[in-house]
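Structural description and commentary
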Amino acid sequence: MAFFLSDPRRILYCWLALMSLLLFVTMGADKRRAIKGARRVPEARLFTLALIGGAVGGWLGMYAFRHKTKHGKFIIGFPLIALLQLGLCVYLAAG
């Protein structure tokens, strides 16, 4: 545990990975709900998860599950947020 706490960047990288995994799974669950006609995950929740660190997982989930790929705000939003988050990681790793 001390290994992760010794460098704040590691905490950020783990957070981003965890949030990406969570949004990836959520995208898959929402796709299954869409197919079954069940209650859906609100789009605001998907974007909230993306903004707090899960954009890479959301972007991958869009194409892995073929979900939300016809919605402009997802096609542009998830990749844009993901690139900003990845850019922050690169900036912190270089500095």
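So, here is what we can say about the structure in this document. (Residues numbered from 1 in each chain as written. Predicted model: local features only at pLDDT ≥ 70, side-chain atom pairs only at ≥ 80, totals over all residues. Heavy atoms only, no water.)

This part takes up the nonpolar core. Core analysis: the largest hydrophobic core is formed by 13 residues, its most contacted members being Leu-23, Met-27, Leu-46, Ala-50, Phe-74 and Phe-78. Of all elements in the fold, only α2 (8-36), α3 (43-64) and α4 (72-94) reach the threshold of two or more residues within this core. Element by element, the count of residues in this core is highest for α3, at six residues. Setting aside residues no more than four positions away along its own chain, Leu-23 makes contact with Leu-46, Leu-49, Ala-50, Gly-54, Ala-55, Gly-58 and Phe-78. (Core = buried A, V, L, I, M, F, W, Y, C linked by side-chain atoms within 4.5 Å. Buried < 20%, exposed > 50% of the residue type's maximum accessible area, 1.4 Å probe, protein only. Helix = DSSP H or I, 4+ residues; strand = E, 2+ residues; numbered from the N terminus. Contact = heavy atoms within 4.5 Å.)

Because the α-helix completes a turn every 3.6 residues, residues three or four places apart line up on one side. With 22 residues, α3 should reach 32 Å at 1.5 Å per residue; the first-to-last C-alpha distance of 18 Å falls well below that figure. Considering bend angle alone, the principal kink of α3 is centred on Gly-54 and spans about 125°. Considered for burial, the residues of α3 that qualify are Leu-46, Phe-47, Leu-49, Ala-50, Gly-53, Gly-54, Ala-55, Gly-57, Gly-58, Gly-61 and Met-62. Looking at the buried side of α3, the elements it contacts are α2 and α4. (Expected span 1.5 Å × (residues − 1). Bend = angle between axes of the 7 residues up to and from the residue.)

A few words on a nonpolar patch on the surface. A cluster of nonpolar side chains, namely Tyr-63, Ile-75, Ile-76, Leu-80 and Leu-84, defines an oily patch on the protein surface of about 530 Å² accessible area. For the nonpolar patch, the element with the most residues is α4, which contributes four residues. Position of Tyr-63 relative to the elements: it lies in helix α3. Classification of Tyr-63 by relative accessible area gives partly exposed; the value is 48%. (Patch = residues over 30% accessible without salt bridge, like charges linked within 9 Å, V, L, I, M, F, W, Y side chains within 5 Å. Areas by Shrake-Rupley, 256 points an atom, 1.4 Å probe, with all protein chains shown as cover. Salt bridge = Lys/Arg side-chain N within 4 Å of Asp/Glu carboxyl O.)

As a further point, take the pattern of salt bridges. One pass over the full model with this rule turns up four salt bridges. Note that Lys-68 and Glu-43 form a salt bridge whose closest N and O atoms lie 3.1 Å from each other. Remark: Glu-43 occurs in helix α3 and Lys-68 occurs in the loop between α3 and α4; sequence separation between them is 25 residues. Classification of Lys-68 by relative accessible area gives buried; the value is 9%. In this structure Glu-43 comes out as partly exposed when scored by relative accessible area, which is 24%.

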